[in-house]
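Close look at the chain arrangement
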Amino acid sequence: MTKLYIEGGRRLTGEIELQGSKNSALPLLAASMLIDGATLLHNCPDLSDVRAAIRILQSLGYKCKQVNNDVFIGDNMPSCDTVSPELMREMRSSSLFLGAILARCGSATITAPGGCELGPRPIDMHLKAISELGFSVKERGGYITCKRQFSPKNVDITLDFPSVGATENVILASCLSKSVVLLRNAAKEPEIADLADFLNKAGAKIRGAGTDRIEIIGVNRLTSIEHTVIPDRIVAATYMSAAAVTSGEIEIRNVNIEHIRRIINSFSEMGCDIVFCENTLRIRAPQRLNRIKTTRSTVYPGFPTDAGPLLVASLVKASGTSTFVETIFENRFNYIDELRRFGADIKVYNRVAVVEGVRQLHGAQVCCTDLRGGAAAIVVALASDGVSVIDKICHVERGYEKIEEKLSGVYANIKKE
Ligand code: UD1
């Protein structure tokens, strides 16, 4: 099992080049199935989740090649409509392949993605929307099988909640159909807009992505496409958090400022000085961070659930008490037990975390409980005196490209073994 050794207490300074977004790259890889021709993705982060998505594409008969941050997907047709349970389990976002396979084959079999470290991750909203698009949905023995029954001319779908995954699945399942689909209460996250940009460049007709009302007019075919994945807003929050807890000063390049406005507000409230110019952001943290007003995770453009652990990590040495409320995932606070090992004073009441800032933290042996919780542990280790050992960093490697190299580059004392 790979571990990170971090000697904390150093002020981080320097520049970091931000990676491409995992949460954009994964739906784009699924969307590449819809293209009649080749797909070339630039700025695709080199991550275990991306490699898992590539293995799913290969199992469906696609030729894929990854060279550094470029991924090439060949001009193939799927050779089957089924993703094996083993491949489904490898990655949480594998359910996105449902919409893509249905668009190409008219039928699909996947297994339920099941629970994960953030609590149950149901796909009932995805399946309800898929059935409204004219597919039958059968669930048996853990398998989910969908088949096209008819092609409705006009479909009007309203999601019960603006689910990111369900919105992506509806877009994928609709854009090669014979239907005109109106999706209401759609998710507005930047990753949805990136998916629509990608598909529109290839010839799709999707309007309104990035708002809560998306219209998809089915087309006959999509053609070859080259696309650059948007920057990762949650990884940006992670490096901002690393600068904040170490009283550091970091310049992050290749940021989309529009995507992180709400995150910037929180770091400004903590007393960080933040300036940006085009796609570069510079954050300079004070000697001690301020407490912040109660913050809740919510849908975009609100505070992202994925950045919650990084906000909590930033507050552990702030002056005073801050409260963070998690409203999206029920088991998101598993990582807090690990943060307490550094001496952090955090109490959890159901979905509320109350962080009492302390003056000093000490090195600890901790485990990554999940992707962002693991990143939060790394951030707190950077702010703790002495050596920390972070175990199970495979969780972090699902979403962070070369995190130890990026942090070493800003003078963190960090080693992977
Ligand atoms: C979520 C985040 C997204 C983040 C991603 C990766 C939100 C709204 N979504 O997307 O920003 O990038 O995790 O960590 O912040 N739900 C159902 N039934 C469904 C689908 C969802 O009950 O069919 C529930 C989920 O359990 C959860 C909520 O709706 O409580 C949000 O789900 P959704 O947006 O679909 O999650 P992801 O697509 O994983």
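Remember, it's a predicted structure, so these values are computed and weren't measured experimentally. (Residues numbered from 1 in each chain as written. Predicted model: local features only at pLDDT ≥ 70, side-chain atom pairs only at ≥ 80, totals over all residues. Heavy atoms only, no water.)

Concerning the overall build of the protein chain
Summing up its helical and strand segments, the protein chain has 14 helices and 23 strands in all. Whereas a compact globule of 417 residues would reach a radius of gyration of roughly 22 Å, the protein chain reaches 21 Å, a difference of no more than 12%. If you line up the protein chain on its principal axes, its C-alpha atoms span 65 × 40 × 40 Å. Of all 417 residues assigned to the protein chain, the portion counted as buried reaches 57%. Restricting to contacts in the protein chain with at least 6 residues of sequence separation, those with at least 24 account for 73%. Computed over 50 positive and 47 negative side-chain charges, the inter-centroid distance for the protein chain is 2 Å. (Helix = DSSP H or I, 4+ residues; strand = E, 2+ residues; numbered from the N terminus. Rg over C-alpha atoms; globule rule 2.2 N^0.38 Å. Buried < 20%, exposed > 50% of the residue type's maximum accessible area, 1.4 Å probe, protein only. Contact = heavy atoms within 4.5 Å. Lys, Arg positive; Asp, Glu negative; His and termini not counted. Charge placed at Lys NZ, Arg CZ, Asp CG, Glu CD.)

Thoughts on the side chain of Asp370
Of note, Asp370 is situated in the loop between strand 21 (365-367) and helix 12 (371-382). Look at Asp370: it is buried, it has no salt bridge, and the nearest opposite charge is Arg332 at 4.6 Å. A polar contact of 3.3 Å, which involves the side chain of Asp370, links it to the backbone nitrogen of Arg372. (Salt bridge = Lys/Arg side-chain N within 4 Å of Asp/Glu carboxyl O. Polar contact = N/O pair within 3.5 Å; in protein donor to acceptor, adjacent residues only side chain to side chain.)

Considerations on the site of the ligand
The environment of the ligand is formed by 18 residues, the closest being Asp124, Met125, Ser163, Gly165 and Ile328. Backbone polar atom of Met125 to an oxygen atom of the ligand: 2.7 Å apart, as the coordinates give it. Gly165 has a polar backbone atom sitting 2.8 Å from an oxygen atom of the ligand. Protein chains bury 83% of the 710 Å² of accessible surface belonging to the ligand in isolation. Mapped by element, the contributors of at least two residues to the shell around the ligand are helix 5 (124-132) and helix 6 (164-174). Considering every element that reaches the shell around the ligand, the biggest residue donor is helix 5, with three residues. For the shell around the ligand, a count of residues per class yields nine nonpolar, five polar and four charged. (Near = heavy atom within 4 Å. Areas by Shrake-Rupley, 256 points an atom, 1.4 Å probe, with all protein chains shown as cover. Nonpolar A, V, L, I, M, F, W, Y, C, P; charged D, E, K, R; others polar.)

Overview of the sheet that holds strand 13 (residues 222-228)
Spatially, four strands are ordered 4-5-3-13 in an open sheet, and the strand pairing comes out mixed. In this open sheet, the two strands that pair with only one neighbour each are strand 4 (64-67) and strand 13. When strand polarity is set aside, the average angle formed by the axes of neighbouring strands in this sheet is 10 degrees. Of the pairings in the sheet, the one linking strand 3 (residues 35-42) to strand 13 comprises six bridges and is parallel in character. Counterpart to Asp36 in the pairing with strand 13 is Thr223. The sheet strands contacting helix 2 (residues 48-59) are strand 4 and strand 5 (70-73), and the helix crosses strand 4 at an angle near 155 degrees. (Pairing = 2+ DSSP bridges. Axes fitted to C-alpha atoms, helices over the stretch in contact; angles between N-to-C directions.)

Side note on the sheet that holds strand 10 (residues 180-184)
Strand order in this open sheet of four strands is 9-10-12-11, and the pairing throughout is mixed. Lying at the two open borders of the sheet, with one neighbouring strand each, are strand 9 (154-158) and strand 11 (205-207). With strand direction ignored, the average angle separating the axes of adjacent strands in the sheet is 15 degrees. As paired elements, strand 10 and strand 12 (residues 213-217) share five bridges and run antiparallel to each other. Bridge pairing in strand 12 places Leu183 opposite Ile214. Along the sheet, helix 6 makes contact with strand 9, strand 10, strand 11 and strand 12, crossing strand 12 at roughly 20 degrees.

Some words on the nonpolar core
One finds Met240, Leu281, Leu339, Ile390 and Leu407 to be the most contacted residues of the largest nonpolar core, which totals 74 residues. Sort the elements by how many residues they give to this core and helix 8 (residues 233-245) lands first, with 10 residues. The residues contacting Leu281, other than those within four sequence positions of it, are Met240, Ile250, Glu251, Ile252, Val255, Ile257, Ile260, Ile264, Ile274, Val275 and Phe276. In terms of nonpolar packing, the next biggest core, distinct from the first, is built from 72 residues, Leu29, Val181, Ala204 and Ile214 among them. (Core = buried A, V, L, I, M, F, W, Y, C linked by side-chain atoms within 4.5 Å.)

Overview of the packing of helix 8 against helix 10 (residues 308-315)
Helices that pack against each other are described as a pair by the angle of their axes relative to one another and the distance between those axes. Axis separation between helix 8 and helix 10 bottoms out at 9 Å; the angle between their running directions is 5 degrees. Put simply, helix 8 runs roughly parallel to helix 10. Here Ile234, Ala237, Thr238, Ser241 and Val245 of helix 8 come into contact with helix 10, specifically with Leu310, Ala313 and Ser314. (Parallel < 35°, antiparallel > 145°, perpendicular 65-115°, else oblique.)

A few points about empty space enclosed by the protein
Inspection of the entire model under this criterion finds three cavities of 30 Å³ or more. Roughly 40 Å³ of internal volume is contained in the largest cavity. Every residue lining the largest cavity is listed: Met125, Lys128, Ala129, Glu132, Ile157, Thr158, Leu159 and Asp160. Taken together, the elements giving at least two residues each to the lining of the largest cavity come down to helix 5 and strand 9. Per-element tally for the lining of the largest cavity: the top contributor is helix 5, with four residues. In terms of residue class, the lining of the largest cavity is built from four nonpolar, one polar and three charged. (1 Å grid on protein atoms, 1.4 Å probe; cavity = no way out; pocket = protein on both sides within 12 Å on 5 of 7 lines; lining within 4 Å. Points joined across faces, edges and corners; volume = space filled by probe spheres on them.)

As for helix 5
Restricting attention to buried positions, one finds in helix 5 the residues His126, Leu127, Ala129 and Ile130. All buried residues of helix 5 lie within an arc of 165 degrees about the axis, which places them on one face of the element. Looking at the buried side of helix 5, the elements it contacts are helix 4 (96-105), strand 7 (135-140), strand 8 (143-148), strand 9 and helix 6. Just downstream of helix 5, Gly134 is the residue with a positive phi angle, here 105 degrees. (Arc of directions from axis to C-beta.)

Here we look at the domain arrangement of the protein chain
As a measure of interface size, the accessible area lost when the parts come together is often cited. When the domains of the protein chain are assigned, the result is domain 1 (4-18 + 231-416) and domain 2 (22-228). Contact with domain 1, which involves 24 residues of that partner, is made by 22 residues of domain 2. Interface area, domain 1 with domain 2, both sides summed: about 1,900 Å², of which 50% is carbon and sulfur. Together, Tyr300, Arg398 and Glu401 form the three largest contributors to the area buried by domain 1 at its contact with domain 2, with a combined 33%. (Domains from an automatic or database assignment. Buried area = accessible area lost by both parts, 1.4 Å probe.)

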